[in-house]
Structure formats: structure tokens, C-alpha cells
Amino acid sequence: MQIPRIAPEPRATADFFEDALTALGALCDRSWHDRLEVVAEGAAARLWREEPGLHTVTLRFAETAGGGAIDASSDVFPGCPLTFRLAEALRSEAIPCQRLVLAGDGRPAPDAAVAEKIWHAHIRGTTRWRLTKPFAAAHHFSLVASIRCEVQAIDQHWSLHRLALSLVDGAIDQSLAGELATLDHAADSGIEWPSVDAAHLQQLIQRSIEFELAEELAPIRARQQRFLTRELSRIDGYFHEYESELASRGGRSRAAGAQEKLKDRLRATKTEHARRREDQIARHELHIVPHVDALLIIAEPAWRATVNAVRDHREQQVPALFVPRARRWVLGGGSDTTTEPEGVR
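These remarks concern the structure in this document. (Residues numbered from 1 in each chain as written. Predicted model: local features only at pLDDT ≥ 70, side-chain atom pairs only at ≥ 80, totals over all residues. Heavy atoms only, no water.)

## A few points about the side chain of T126
Next, step 1: Its place among the elements puts T126 in strand 7 (residues 126–152).
Next, step 2: Polar side-chain contacts of T126 include one of 3.1 Å to the side chain of W119.
Next, step 3: Apart from the residues within four sequence positions on either side, T126 is in contact with W119, H120, A309, V310 and R311. (Helix = DSSP H or I, 4+ residues; strand = E, 2+ residues; numbered from the N terminus. Polar contact = N/O pair within 3.5 Å; in protein donor to acceptor, adjacent residues only side chain to side chain. Contact = heavy atoms within 4.5 Å.)

See below:
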């Protein structure tokens, strides 16, 4: 889910800067409601300069970036570079995977008829279905990630997302992402937590971000294509006219070596034409840069079962998990592994 933007409010922004700079070791004093006196050293001073020593500055918090001349080193306005640098300075280099256990509702295992109905609703192509083993209590594990997405195009775009993904099959869980703050928590009572592979998480997050941004990127991509088409047409028209002019000049010249010079100039023109086109294509590329701010592994109560099903005309023994909160089956939830989660860079 994409988290909606908060309307700019100078007083709240000043509170954030005061708390964040203090956490980085700076001395701060609120001299006025929209002024913050800062004496910074070390990590805090590097927001403004790389040279060692003290740095003093008076930050001013404005409603908008307009309304006269501004100083990017001291004026804090919506979208100013100083806010992004401060947010990056607060992040640790290695992001730990934190853990959270969701409390169950205490209900017994679902009835087999209900479980079969949900199976047929979400997993197509099953003709026969039966449980070969009764339900056993288990846990389903999901990854929740807070990600800032930077879209580099003609204009720069930023968005904040909370993604929830099943660690078993990689399916996006929009309900978990939206309801996480309202769900009850429980104690970690000897749960066998799965291992976390950084490369696998990167693939899951990349695929989910592409799906999440598809609608937002459509108009941006269309605009990039429109501008690129215009620039390529301009370049092609210019070089077409130039080559025609060279050809007409060469046809009128009778001087010795004129035709060889014409061929050399035409070759150089074609090379420059191709270089200009490649340059414009590179300038109009769309780059998506995700910044992972937090990772959380969630364990929620589930029911493990082995299902005998006929799928694609083949009888199969399918290990699966039934997740009561989402009322869905997750295929492949056979067993858990006990490994300490690693930090992800």
C-alpha cells in the first residue's frame, strides 16, 4: 500500500529537525516558532559540509519553496534537499529484521468443507480435494517492509510504501499492510523463525515494487515517451536535412577528391546522428531507486495440512498452510527452519 503524503506543516517539521539533529549530537535551540538555532559537529555537521569542525546555522521553516530567494542550506521547505540528507543520516547502514507475533482469535481449525470451498475459490484447476492429514497448529511468516521509492524521470517523484509479502510464495498481502497497526500482538513463545536470505528478499521487494508502482508509472512513462519521440523527431529531421544538403553540394562539385571528402563527412554525420539518438534515449530513461527503511518479519497463527488434490490431471500431495486472518491457502508451507534473521544492507 502507498502511504498518503502528509500536508506540509512548518511547526511539525521544526519538531522533527530538532529531535533528529539532537539525536545526531547537535545542540538545538528554538529561538522562534519558525527558527531553529543549530550548533553541529561530526555526523550532524556533515549535513552541510565534509570538513571537520563546528558548524552553526539558523534554520528557517517556510510554508512553501516560493515567495522570494531561498538558501538551500538554511531554508527548510517541502522537498528541500536538507530534509532528505537528514533522513538518510538517521538510517543505520545495516537494517535489522525485527520480529512481531500476531495473536490468534482462539478459534479451532476450520471445517474441511469450508477449507475446501476456500481452496477452490483461490486455487483454480483442482478437480478432487481431500485432507490426507488433519490440521496442525503452525505459523505463517510474512515480510513487511517500509520503502521510499525514488522515480528519476524528467521530474523527480517520491512515494512511501508499506509492503507485506508472504515469505512462502511471495504473494502481496494488502490487508496485512493496511491493518498492521490495528492487529493484536502476542508473545514470542518458542516460535521457529525462518532464515532470511538477502538476495531472496531483494527479489521479492523488487517484484512487489514494480507491481505497486505500475499505475503511478503509467503517466510518467507516457510523458517520457512523448518527450523522447519529440526529441528524436527533431534530431532525425535535422540530420536528414543536413545529409541532403551535403549530397547536393557533392553532386555539384567537380574538384578532385570531393567525392571522398563527401563520403567521410556523411560517415561522420551518421555517427553523430546515432550518438545524439543514444544520448536522448539515455536522458529519457526511467529509473526506480528503492530505499528500504525498515524490515519486519511477522508470525501469525495458521493451520498446516497436507492436501491430496488433482491438479492439471495429476494427483498431487500438496503441503499447504491455511491462514485464518486472510482466509486463504498458501502452498508450499511445509516446515519452518530455525535460523537467526540477518541484517540486510
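## Comments concerning the packing of aromatic side chains
Next, step 1: Within this structure, the stated rule accounts for 11 aromatic pairs.
Next, step 2: Ring geometry for F84 and W158: centres 4.6 Å apart, planes at 35°, overall tilted. Of the two residues, F84 sits in helix 2 (residues 81–90) while W158 sits in strand 8 (residues 156–166), which places them 74 residues apart along the sequence.
Next, step 3: Given a relative accessible area of 31%, F84 falls into the partly exposed group.
Next, step 4: Among the residues examined, W158 registers a relative accessible area of 18% and is labelled buried.
Next, step 5: Consider the rings of Y238 and Y242, whose centres lie 6.4 Å apart with planes at 0°: the pair is stacked. Of the two residues, Y238 and Y242 are both situated in helix 5 (residues 198–252); the distance of 4 residues between them amounts to about one turn of the helix. (Phe/Tyr/Trp six-rings, centres within 6.5 Å; stacked < 30°, edge-to-face > 60°. Buried < 20%, exposed > 50% of the residue type's maximum accessible area, 1.4 Å probe, protein only.)

## Things to note about the pattern of salt bridges
Next, step 1: On inspection of all chains with the given rule, the structure shows 21 salt bridges.
Next, step 2: Salt-bridge contacts for R234 lead to E231; the nearest nitrogen and oxygen are separated by 2.8 Å. Here R234 pairs with E231, and both are found in helix 5, just 3 residues apart, close to one helical turn.
Next, step 3: Between R267 and D264 there is a salt bridge whose closest N-O contact spans 2.2 Å. Of this pair, R267 and D264 both sit in helix 6 (residues 258–283), 3 residues apart, roughly one helical turn.
Next, step 4: One network of salt bridges, in which partners are shared, links E88, R91, R148 and D293. (Salt bridge = Lys/Arg side-chain N within 4 Å of Asp/Glu carboxyl O.)

## Structural notes on the pairing of strand 11 (residues 314–323)
Next, step 1: Relative to strand 11, strand 10 (residues 287–311) runs antiparallel, the two sharing 9 bridges. Bridge pairing in strand 11 places R304 opposite L321.
Next, step 2: Counting the residues in the hairpin turn of strand 10 and strand 11 gives 2 residues, including D312, whose phi is positive at 55°.
Next, step 3: Two strands pair when backbone bridges link them, and strand 11 and strand 12 (residues 328–331) are joined in this way by 4 bridges, in the antiparallel orientation. Across the sheet, the residue bridging to F322 is W329, located in strand 12.
Next, step 4: What sits between strand 11 and strand 12 in their antiparallel hairpin is a turn of 4 residues, with R327 showing a positive phi close to 50°. (Pairing = 2+ DSSP bridges.)

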